[in-house]
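Notes for the structure review
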Amino acid sequence: MNRLRFQYSLLALLCLVQLPDTGGVYAQESKSRPRVSLNYTKLMPETSTLSIQARYRSEDGMQPASGLNFEVFTQAPNDSLIPLGIALTNQEGKAEFSLGALVTENADSTGLYTFLVKSTEHPAFREVSKSLAVRDAQLSLHFSKDQDISYLEATLTDSHTGEALADLPLILQVQRLFRPLRIGDDFNMTDASGRVKIPIESDIPGINGKLSFEVLLSDSDQYGTVKSTAQASLGVPITDQSTFDERTMWSPPSKTPLFLLVVPNILILGVWAILLYLIVNLFFIYKPKNQ
């Protein structure tokens with residue numbers, strides 16, 4: 001009997017010892033560590049953004065980590081972290097943080113800017129951080145003309161050193177409603193002076209002849225994405241033939257055609273007039289009968 005009591009007591013003691021450890025293991029396993037990617041984009045002349053994407057691995061594959069707060073820092077030359085703000089991921093696990101104009105004092109002696117994002121407390125994810133180091137570049141556009149042929153010239157330089165950036169691929173395109181129209185080659189490599197010069201076709205239509213051009217350095221390891229836009233009256237003039245403000249069948253309710261307003265209302269009033277006439281006649285027929 002004593003031996004049986006000793007076995008039960010030992011079993012209960014083991015359960016009490018193991019329960020806290022099991023709970024701790026479960027609490028740790030209930031959180032997953034998201035994978036974070038950073039991308040830097042500069043829109044000339046001074047606007048820049050930091051794109052954050054967070055995902056985690058589940059049984060169904062990679063899933064977006066939504067509702068995850070990230071603290072954004074920039075690293076000063078003395079290695080101290082300067083807080084810039086907080087970014088929150090959306091349902092797709094993405095967040096856009098506006099950096100504004102880069103502060104040159106935050107760059108190191110070589111002109112390198114370092115950014116760091118760190119997730120704050122979240123019930124489903126463990127903390128994670130990611131850093132990105134980029135250089136600042138200048139992308140300027142210029143239009144020229146030679147023998148009735150118009151050209152778009154783009155010049156790419158390093159903001160810190162002022163040196164031309166050679167052998168980097170630029171994408172030149174015209175902004176359209178659904179998809180940009182590429183001009184030149186798929187990738188136009190900058191020459192020793194950091195320039196590319198592409199002829200512009202003379203048959204590209206544009207409202208009042210105006211075309212919006214866009215030059216893009218995409219996902220560079222050193223400079224991220226740099227984008228510059230410019231407008232020029234180099235297209236074939238077209239007129240806006242939209243009937244949105246006219247009274248047509250496909251216009252908004254406030255622009256309903258007049259015949260759709262008049263004819264149905266006349267028909268409805270006519271039906272009600274006939275019904276009223278019948279009701280009045282039925283009343284006069286029913287009245288003499290009762291007399």
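The following paragraphs examine the structure supplied in this document. Since we're looking at a predicted model, the values are computed, not measured.

Overall, antiparallel pairing links the three strands, which are arranged S9-S10-S13 in an open sheet. This sheet does not close on itself; its edge strands, each paired only once, are strand S9 (137–146) and strand S13 (195–199). Sheet twist, expressed as the average angle between the axes of neighbouring strands with direction ignored, equals 20°. Pairing of S9 with strand S10 (residues 149–158) involves 10 bridges; the strand directions are antiparallel. Bridged to Leu141 within S10 is Ala154.

What follows concerns the side chain of Asp158. Counting through the fold element by element, Asp158 comes out in strand S10. Asp158 gets classed as buried once you look at its relative accessible area, which sits at 3%. Separated by 3.0 Å, the side chains of Asp158 and Arg135 make a polar contact. Other than its neighbours up to four places away in sequence, Asp158 contacts Arg135, Asp136, Glu163, Leu165 and Tyr223.

Scanning the entire structure with this criterion turns up four aromatic pairs. Note on Phe283 and Phe284: the rings are 5.8 Å apart at their centroids and 70° apart in plane angle, and the pair reads as edge-to-face. In this structure, Lys197 packs its charged tip against the face of Tyr151, placed 4.7 Å from the ring centre.

Attention now moves to the sheet that holds strand S7 (residues 112–119). The antiparallel open sheet is built from four strands, whose spatial order is S5-S4-S7-S8. Across the chains shown, the open sheet's two edge strands, defined by having one partner strand only, are strand S5 (81–88) and strand S8 (129–135). If you compare each strand with its neighbour and ignore which way they point, the axes differ by 25° on average. Judged from the seven bridges that link them, S7 and S8 form a sheet pairing that is antiparallel. Within the sheet, the bridge partner assigned to Leu112 lies in S8 and is Arg135.

Reading the values: rules and limits
- Residues numbered from 1 in each chain as written.
- Predicted model: local features only at pLDDT ≥ 70, side-chain atom pairs only at ≥ 80, totals over all residues.
- Heavy atoms only, no water.
- Pairing = 2+ DSSP bridges.
- Helix = DSSP H or I, 4+ residues; strand = E, 2+ residues; numbered from the N terminus.
- Axes fitted to C-alpha atoms, helices over the stretch in contact; angles between N-to-C directions.
- Buried < 20%, exposed > 50% of the residue type's maximum accessible area, 1.4 Å probe, protein only.
- Polar contact = N/O pair within 3.5 Å; in protein donor to acceptor, adjacent residues only side chain to side chain.
- Contact = heavy atoms within 4.5 Å.
- Phe/Tyr/Trp six-rings, centres within 6.5 Å; stacked < 30°, edge-to-face > 60°.
- Lys NZ or Arg CZ within 6 Å of the ring centre and 35° of its normal.

So, to be careful, I would describe these as geometric facts and stop short of saying anything about function.
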